[in-house]
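Secondary and tertiary structure notes
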Protein chains: 2
Amino acid sequence: MSTPDFDPRLYLVAGSDDVDHRGLDNIVRQAVEGGVTLFQLREKTLATGAFIEAARSLRDALRGTGVRLLINDRVDVALAANVDGVHIGQDDIAPRDARKLLGEEKLIGLTVRDADEISQAPIAALDYLSIGGVFPTASKNNTREPVGLDGLTRLASQARDACRLPVTAIAGISKDTARSVMDCGVDGIAVISSVCAQPDPASAAGALREIIDASLEGRQRQ
Amino acid sequence: MSTPDFDPRLYLVAGSDDVDHRGLDNIVRQAVEGGVTLFQLREKTLATGAFIEAARSLRDALRGTGVRLLINDRVDVALAANVDGVHIGQDDIAPRDARKLLGEEKLIGLTVRDADEISQAPIAALDYLSIGGVFPTASKNNTREPVGLDGLTRLASQARDACRLPVTAIAGISKDTARSVMDCGVDGIAVISSVCAQPDPASAAGALREIIDASLEGRQRQ
């Protein structure tokens, strides 16, 4: 029973709707070359068969890179494609149910949006927490108010008191805000369009990684 | 390794979008009292968490009735709610992948829409075939031409030559057409609105069962 290592520093979240004609595999491969450390496939409209095929294709594309592949919401897709785990939201399968189905060797991350969701998170079933949404975003239909930087600082601190899991932040984060977000005390940031929608995904990812790594180094020196 | 018994004669397919304020559990319970022998939960818009909850609730509602509960498409929901199996379409998970995830003791049904899909069906992974759509229907967005009664007769005969699996028919079947559909040589019929959308689901199911059972008895006497 050993959870696979994973690196939450620069976490790319994307699906076929988030990319143009260049294609998802291609953009993800470039993004990983540039510095993405973790990838989540999020598909909200694909049929299950096509979703599984996309997951298998990305699994092959990521082989040998060390970058883990997670599936948004769908434990069936994660199992059928034999990827590294799932990321689940509050409306998805309960984390303990996901753990039962996936076993101990897969990764499970959970989105938490407020103090209650952090305090109720079943920590023992989880590998990381993702706090969001930080800023307004067009990438997902969030009906909630973004937590903002002050909210993120407060929630990240609460998460650190509650557990030793890595904490990431998501929603609307760009290279202009990445440093401020990291300075809220998180271990990594998740992005969609700030990498996927850029003309050069590799350099976009590289620029973000520099900011993230500089923040983490600064923290270590303190 | 023993597949659970199941009775495909009157197969109700429904989800929360197919029922009114009376609620799904309530309507399914009445339909089973009236004569439904197999039930499939089909949810196309519910979040995964709510889908699992609905499956668990129906599992409890059906306990002791002998009526098996299948989930449309979603192996994750079937596993999390520990129901009797899944029904999959041609765009869903591949039947062999579903069998690997579900094990030998769960039921797996597959929709087949033409001769090619029957000849390519991985019979060893399956417990039944569902031929459709027979007639036009408002319950599902089918882009294909319905097979009609002649097509159903031909496809049912092909399925019988190919395997010993039970064969059901679906789409647009009502009490006015149930006898003609049964006479095409299938083992059961699947319905949605002909039971769910009726003022008295129990008597609607009862009327259909009489027609189905009379056809099967007639066939045995031949």
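So, a few notes on the structure that sits alongside this text. (Residues numbered from 1 in each chain as written. Chains lettered and ligands numbered in written order. Predicted model: local features only at pLDDT ≥ 70, side-chain atom pairs only at ≥ 80, totals over all residues. Heavy atoms only, no water.)

Helices and strands together make up the secondary structure of chain A, namely nine helices and eight strands. Relative to the 2.2 N^0.38 estimate, which gives 17 Å for 222 residues, the radius of gyration of chain A is 16 Å and therefore close to what a compact globule would have. With the principal axes as the frame, chain A shows a C-alpha extent of 45 × 40 × 35 Å. Buried residues in chain A amount to 56% of all 222 residues. Taking the intrachain contacts of chain A between residues at least 6 apart in sequence as the baseline, contacts between residues at least 24 apart amount to 61%. Seen as two clouds, the 25 positive and the 32 negative side-chain charges of chain A have centres 2 Å apart. (Helix = DSSP H or I, 4+ residues; strand = E, 2+ residues; numbered from the N terminus. Rg over C-alpha atoms; globule rule 2.2 N^0.38 Å. Buried < 20%, exposed > 50% of the residue type's maximum accessible area, 1.4 Å probe, protein only. Contact = heavy atoms within 4.5 Å. Lys, Arg positive; Asp, Glu negative; His and termini not counted. Charge placed at Lys NZ, Arg CZ, Asp CG, Glu CD.)

Moving on to the packing of helix 1 (residues 24–34) of chain A against helix 9 (residues 201–221) of chain A. All names here are of chain A. The interhelical angle for the contact between helix 1 and helix 9, taken along N-to-C directions, is 35 degrees, at an axis separation of 7 Å. Crossing geometry of helix 1 relative to helix 9 is assigned as right-handed. Seen from helix 1, the contacting residues are Ile27, Gln30, Ala31 and Gly34; seen from helix 9, they are Pro201, Ala202, Ala205 and Gly206. Tallied by class, residues from the contact of helix 1 with helix 9 come to five nonpolar, three polar and no charged. (Axes fitted to C-alpha atoms, helices over the stretch in contact; angles between N-to-C directions. Left-handed = near helix turned anticlockwise from the far one by under 90°. Nonpolar A, V, L, I, M, F, W, Y, C, P; charged D, E, K, R; others polar.)

Looking now at the state of the cysteines. All names here are of chain A. Tallied over the full model, the rule gives zero disulfides over all chains. Of all cysteine sulfurs, the one in Cys163 lies closest to Cys184, which takes part in no disulfide; the gap is 17 Å. Residue class for Cys184 comes out buried when judged on its relative accessible area of 8%. (Disulfide = S-S within 2.5 Å.)

The next point concerns helix 4 (residues 95–102) of chain A. Taken as a whole, helix 4 of chain A has its buried residues at Pro95(A), Asp97(A), Ala98(A), Arg99(A) and Leu102(A). Of the surrounding secondary structure, the elements contacted by the buried residues of helix 4 of chain A are helix 3 (75–81), strand 4 (85–88) and strand 5 (107–112) of chain A together with helix 2 (48–62) of chain B. At the exit of helix 4 of chain A stands Gly103(A), carrying a positive phi of roughly 80 degrees.

Moving on, we get to the interface of chain A and chain B. With 17 residues of chain A in contact, the opposing surface of chain B contributes 17 residues. Across the chain A/chain B interface, buried area totals approximately 1200 Å², and carbon plus sulfur atoms make up 60% of it. The largest per-residue losses of area from chain A upon contact with chain B belong to Thr48(A), Asp76(A) and Leu101(A), which jointly make up 31% of the total buried on that side. Connecting chain A to chain B are four salt bridges. Residue Arg56(A) pairs with Asp97(B) through a salt bridge whose shortest N-O separation is 2.9 Å. Per-element accounting of the side of chain A that touches chain B gives the leading share, five residues, to helix 2 (residues 48–62) of chain A. Looking at the side of chain A that touches chain B residue by residue, the classes come out as eight nonpolar, two polar and seven charged. (Buried area = accessible area lost by both parts, 1.4 Å probe. Salt bridge = Lys/Arg side-chain N within 4 Å of Asp/Glu carboxyl O.)

Before going further, it helps to spend a moment on the sheet that holds strand 6 (residues 128–132) of chain A. Residues and elements named next belong to chain A. Pairing within the closed barrel is parallel, and its eight strands lie in the order 1-2-3-4-5-6-7-8. The mean angle between the axes of side-by-side strands here comes to 25 degrees, regardless of whether they run parallel or antiparallel. Across four bridges, the pairing between strand 6 and strand 7 (residues 167–170) is parallel. Bridged to Gly132 within strand 7 is Ile170. Along the sheet, helix 6 (residues 148–162) makes contact with strand 6 and strand 7, crossing strand 6 at roughly 160 degrees. (Pairing = 2+ DSSP bridges.)

On to the pairing of strand 7 of chain A, then. Residues and elements named next belong to chain A. Taking every second residue as pointing to the same face, both faces of strand 7 are buried, with Val167 and Ala169 on one and Thr168 and Ile170 on the other. Alignment of strand 7 against strand 8 (residues 188–191), held across three bridges, turns out to be parallel. Bridge pairing in strand 8 links Thr168 to Gly188.

What follows deals with the side chain of Ser194(A). All names here are of chain A. Along the chain, the position of Ser194 falls in helix 8 (residues 193–196). Overall, Ser194 belongs to the buried group, its relative accessible area being 15%. Here Ile173 takes part through its backbone oxygen, which lies 2.6 Å from a polar atom of the side chain of Ser194. (Polar contact = N/O pair within 3.5 Å; in protein donor to acceptor, adjacent residues only side chain to side chain.)

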